[in-house]
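Fold and geometry: a report
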Amino acid sequence: MIRRVALLALAALLLVATAGQAQAAGYRYWSFWDRDGGQWVYATQGPSTARPSDGDIQGFRFSVSEDSGDAAQPRGTADFTSICAKTPAEDGSKRVALVLDFGTAADAPSGETPPSPRTACARVSPDATTADTLATVADPLRYNTNALLCAIGDYPKSGCGEQVSDKQQPRNESAPPEEKTTADDDGGGPSVGLIAGAAAIAALATAGAWQARRRRNATD
């Protein structure tokens, strides 16, 4: 009986570990960011609805990530003054600085090579959205039927937010060290969920063994 309980516990532990690995799959897509006080912050609106103000800095990064908390930030530290130095202000318009990071070779779809990161200063009408702004400096853009931004400057040429399996997913090592977060480094250890699951399984195995001994003693 004890051996049976131990085997069941081992099988359940393997299921927990497999489930944790299955959840590690990510998606290949363009993420959208705002520069706030010198730090990149994941945008709370999409490019088609966000309306930047004069002097804002916005960024786009192509990469593979599980979600917004794991997404790689645009690289580079250029500020608005340096990006828009050659684009003078004009009445009746606004200037928006854009950082376009096409990602790394590890993030690229098969057969494609990412262009080098670049910056651009767009001078647009005061009511222009981020999508309008982006279109003036990085055409052609490509969207899917759900208005998800699929390509900037025709990169990538195909695909849109496709899922990437855990085996295909690159480690997030492309951001500069100062921009890395704890979400970028899994530390090589087991997840909290896996540890909690193992603890629960161990408790069940101990209870099962205790009940088996109790039944055996009762029959003696």
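It should be emphasised that the depicted structure is a prediction, and the values quoted were computed from it without experimental measurement.

Attention now moves to the side chain of serine 63. Within the secondary structure layout, serine 63 lies in strand S3 (residues 57-65). When near neighbours in sequence (up to four residues on either side) are disregarded, serine 63 contacts Tyr27, Arg28, Tyr29, Ala72 and Asp107.

By the definition in use, this model includes 5 salt bridges. As a salt-bridge pair, arginine 61 and aspartate 101 come within 3.6 Å of each other at their nearest N and O atoms. With arginine 61 in strand S3 and aspartate 101 in strand S4 (residues 94-101), the pair connects residues that are 40 residues apart, well separated along the chain. This pair shows no difference in class: arginine 61 is buried, exactly as aspartate 101 is. Close ionic contact of aspartate 154 with lysine 157 constitutes a salt bridge, the shortest N to O distance being 3.0 Å. Residue classification places aspartate 154 among the partly exposed positions, given a relative accessible area of 34%. Among the residues examined, lysine 157 registers a relative accessible area of 60% and is labelled exposed. Connected through salt bridges with shared partners, the residues Arg61, Arg75 and Asp101 form a single ionic network.

It is worth spelling out the packing of aromatic side chains at this point. In total, this model carries 6 aromatic pairs according to the counting rule given. Relative to phenylalanine 102, the ring of tryptophan 30 has its centre 5.4 Å away and its plane inclined at 85°; by these criteria the two rings are edge-to-face. Of this pair, tryptophan 30 sits in strand S1 (residues 26-36) while phenylalanine 102 sits in the loop between S4 and strand S5 (118-124), and the two are 72 residues apart along the sequence. Note on phenylalanine 102: relative accessible area 4%, which makes it buried. Residues phenylalanine 102 and tyrosine 155 carry aromatic rings whose centres are separated by 6.0 Å and whose planes lie at 70° to one another, so their mutual orientation is edge-to-face. Of this pair, phenylalanine 102 sits in the loop between S4 and S5 while tyrosine 155 sits in the loop between strand S7 (149-151) and strand S8 (163-164), and the two are 53 residues apart along the sequence. Each member of the pair, phenylalanine 102 together with tyrosine 155, is buried. Taken together, the ring pairs in this structure connect Trp30, Phe62, Phe102 and Tyr155 into an aromatic cluster.

Predicted confidence across the protein chain gives a mean pLDDT of 77, with 64% of residues reaching 70 or more. Contacts of residues 5-23 to residues separated by more than four positions or lying in other chains number 15 contacts, the stretch itself having pLDDT below 50.

Evaluation of the coordinates by the stated rule reveals 2 disulfides. A sulfur-sulfur separation of 2.0 Å characterises the disulfide bridge that pairs cysteine 84 with cysteine 121. Handedness here is read from the sign of the S-S torsion; for cysteine 84 and cysteine 121, about 100°, the answer is right-handed. You can see cysteine 84 sitting in the loop between helix H2 (80-83) and S4 and its partner cysteine 121 sitting in strand S5, a full 37 residues away along the chain. The pair cysteine 84 / cysteine 121 is uniform in exposure class, with both members buried. The disulfide that involves cysteine 150 links it to cysteine 160, with 1.9 Å between the sulfurs.

Basis of the calculations
Residues numbered from 1 in each chain as written. Predicted model: local features only at pLDDT ≥ 70, side-chain atom pairs only at ≥ 80, totals over all residues. Heavy atoms only, no water. Helix = DSSP H or I, 4+ residues; strand = E, 2+ residues; numbered from the N terminus. Contact = heavy atoms within 4.5 Å. Salt bridge = Lys/Arg side-chain N within 4 Å of Asp/Glu carboxyl O. Buried < 20%, exposed > 50% of the residue type's maximum accessible area, 1.4 Å probe, protein only. Phe/Tyr/Trp six-rings, centres within 6.5 Å; stacked < 30°, edge-to-face > 60°. pLDDT = per-residue confidence, 0-100. Disulfide = S-S within 2.5 Å.

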